[in-house]
Amino acid sequence: MAAIRGKDTKPELIVRRGLWSRGFRYRLNHKRLPGHPDLVLRKYRTCIFVNGCFWHGHFVEQNKMESSGCCKIPKTNREFWVAKIRRNKERDKEEQHKLAEMGWHCITVWECELQPSKREETLKSIAFTLNHIWLQDHQVHVTAYPQQNEEDMQMPMAAEEDVV
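This text gives an overview of the structure that appears in the document. (Residues numbered from 1 in each chain as written. Predicted model: local features only at pLDDT ≥ 70, side-chain atom pairs only at ≥ 80, totals over all residues. Heavy atoms only, no water.)

1. So, the overall build of the protein chain
And then number 1: From N to C terminus, the protein chain includes 3 helices and 6 strands.
And then number 2: Element order for the protein chain, N to C, with α for helix and β for strand: α-β-β-β-β-β-α-β-α.
And then number 3: Counting every position in the protein chain, which comprises 164 residues, the buried fraction comes to 32%.
And then number 4: Considering only contacts in the protein chain between residues 6 or more positions apart, those separated by 24 or more positions represent 57%.
And then number 5: Of the accessible surface of the protein chain, which amounts to about 12300 Å², a share of 51% is contributed by carbon and sulfur atoms. (Helix = DSSP H or I, 4+ residues; strand = E, 2+ residues; numbered from the N terminus. Buried < 20%, exposed > 50% of the residue type's maximum accessible area, 1.4 Å probe, protein only. Contact = heavy atoms within 4.5 Å. Areas by Shrake-Rupley, 256 points an atom, 1.4 Å probe, with all protein chains shown as cover.)

2. Some remarks on the pattern of salt bridges
And then number 1: Here the structure, examined in full by the defined rule, presents 3 salt bridges.
And then number 2: Among the salt bridges present, the one from Glu 120 reaches Arg 22, with a minimum N-O distance of 2.3 Å. Of the two residues, Glu 120 sits in helix H3 (residues 119-137) while Arg 22 sits in the loop between helix H1 (10-21) and strand S1 (27-28), which places them 98 residues apart along the sequence.
And then number 3: Note on Glu 120: relative accessible area 42%, which makes it partly exposed. (Salt bridge = Lys/Arg side-chain N within 4 Å of Asp/Glu carboxyl O.)

3. Quick look at the sheet that holds S1
And then number 1: Strand order in the open sheet formed by 4 strands is S1-S2-S3-S6, with mixed pairing between adjacent strands. Only two strands of the sheet have a single neighbouring strand rather than two, namely S1 and strand S6 (105-110).
And then number 2: With 3 bridges connecting them, strand S2 (residues 39-41) and strand S3 (residues 46-51) associate as antiparallel partners. Bridge assignment links Leu 39 to a residue of S3, and that residue is Ile 48.
And then number 3: The strands touched by H1 are S1, S2, S3 and S6; relative to S3, the strand with the most contacts, the crossing angle is about 140 degrees.
And then number 4: The strands touched by H3 are S2, S3 and S6; relative to S6, the strand with the most contacts, the crossing angle is about 175 degrees. (Pairing = 2+ DSSP bridges. Axes fitted to C-alpha atoms, helices over the stretch in contact; angles between N-to-C directions.)

4. Comments concerning the packing of aromatic side chains
And then number 1: Under the defined criterion, the tally for this structure stands at 6 aromatic pairs.
And then number 2: Taken together, a centroid distance of 5.1 Å and an interplanar angle of 75 degrees make the contact between Phe 80 and Trp 81 edge-to-face.
And then number 3: Assessed through its relative accessible area of 38%, Phe 80 is described here as partly exposed.
And then number 4: Of the residues examined, Trp 81 reaches a relative accessible area of 13% and is grouped as buried.
And then number 5: These aromatic residues form a ring-pair network of at least three members: Phe 54, Trp 55, Phe 80 and Trp 81. (Phe/Tyr/Trp six-rings, centres within 6.5 Å; stacked < 30°, edge-to-face > 60°.)

5. Side note on the packing of H1 against H3
And then number 1: As a packed pair, H1 and H3 sit with axes 10 Å apart at the nearest point and diverge in direction by 55 degrees. In terms of orientation, H1 lies oblique with respect to H3. Here H1 and H3 pass one another in a crossing that is right-handed. Packed against H1, whose contacting residues are Ile 14, Val 15, Gly 18 and Leu 19, the element H3 presents Arg 119, Leu 123, Ile 126 and Leu 130 at the interface. (Parallel < 35°, antiparallel > 145°, perpendicular 65-115°, else oblique. Left-handed = near helix turned anticlockwise from the far one by under 90°.)

6. Re the nonpolar core
And then number 1: Core analysis: the largest hydrophobic core is formed by 17 residues, its most contacted members being Val 15, Leu 19, Ile 48, Ile 126 and Leu 130.
And then number 2: Of all the elements in the fold, those that place two or more residues in this core are H1, S2, S3, S6 and H3.
And then number 3: Of the residues forming this core, the biggest block, 4 residues, is contributed by H3.
And then number 4: Counting 10 residues, the second-largest nonpolar core is a separate cluster that includes Cys 53, Phe 54, Trp 81 and Trp 110. (Core = buried A, V, L, I, M, F, W, Y, C linked by side-chain atoms within 4.5 Å.)

7. Observations regarding helix H2 (residues 78-101)
And then number 1: If you check H2, its first and last C-alpha atoms are 35 Å apart, about what 24 residues at 1.5 Å a residue would give, namely 34 Å.
And then number 2: Among the residues of H2, those classed as buried are Trp 81, Val 82, Ile 85, Asn 88, Asp 92, Glu 95 and Leu 99.
And then number 3: Gly 103 lies just past H2 and shows a positive phi near 95 degrees. (Expected span 1.5 Å × (residues − 1).)

The following block contains the structure:
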């Protein structure tokens, strides 16, 4: 277990390189935000968590610990692992709620979504989501003005001199 890294993991590096090549700029592991997100994109008010399927319980469905294609629960000391993964999931959910209350968007990227066969689709999806968030947050609200004739709009241009 000492060899398990918390930062600069292979899935995290894949997401970082993919976003950087698409022109997105970010900060790493922001200490002041709840949960210390892996990537923070301030321009988009978005935090990205790159989660390992085992440690964050991607295989958990309806409060049952079942194995899926991406990982399995160890058979030895099963109760310990089930409790640990449940606590991790609860903590992740609490941290994301705190971030949402602070006005941040959260994106979770799972390790299994970064396999070579799915990688490009996942990165495109992240980029699409970030662009969608930016457009929503920066949407210009145009108020409708009543139609006016050109004759009614007799305003001089800013650079025009009044001619008498």
